[in-house]
Amino acid sequence: PFALDVVAATDSARSEVVLYVINPTSSAIATNICMNHAPLLKTAKAIVLQGNLSDENTPEQPDKIAPKEISVTMAPTVKHTFAPYSYTVMFFDR
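To start, this report covers the structure provided alongside it.

Conventions used here
Residues numbered from 1 in each chain as written. Predicted model: local features only at pLDDT ≥ 70, side-chain atom pairs only at ≥ 80, totals over all residues. Heavy atoms only, no water. Helix = DSSP H or I, 4+ residues; strand = E, 2+ residues; numbered from the N terminus. Buried < 20%, exposed > 50% of the residue type's maximum accessible area, 1.4 Å probe, protein only. Contact = heavy atoms within 4.5 Å. Areas by Shrake-Rupley, 256 points an atom, 1.4 Å probe, with all protein chains shown as cover. Lys, Arg positive; Asp, Glu negative; His and termini not counted. Charge placed at Lys NZ, Arg CZ, Asp CG, Glu CD.

Within the protein chain, the regular secondary structure consists of zero helices and seven strands. For the protein chain, the succession of helices and strands along the chain, N to C, is β-β-β-β-β-β-β. Principal axes of the C-alpha set define a box for the protein chain whose edges measure 45 × 30 × 20 Å. Taking all 94 residues of the protein chain together, the buried fraction comes to 29%. Sequence separation of at least 24 residues holds for 68% of the intrachain contacts in the protein chain that already meet a minimum separation of 6. When the accessible surface of the protein chain is totalled, it reaches about 6200 Å², and 55% of it is carbon and sulfur. Treating the 7 positive side-chain charges of the protein chain as one cloud and the 9 negative ones as another, the clouds have centres 11 Å apart.

Here we come to the environment of tyrosine 85. Along the polypeptide, tyrosine 85 turns up in the loop between β6 (77–82) and β7 (86–93). Through-space distance from the C-alpha of tyrosine 85 to that of serine 26 is 6.1 Å; in sequence the pair is 59 residues apart.

See the structure below:
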């Protein structure tokens, strides 16, 4: 079975909701993130760290595993696919 490890938190100082998601599996996992009870959220972005379990940064490839910022389209239900072996932090701003 597919499994995501997810934690959600609010940051009142920055007026945002933050979602931390780990996909520990070898498969991409498509999800729907329900935002129905957060109508004040206006923008979103995500930072993703992803690589195979055997990947490592080396002097020849210092950025093989590096954070990448991606855009997230806001909607009452956010559709997102979490990459295999990834750690994603999603920021939803008010």
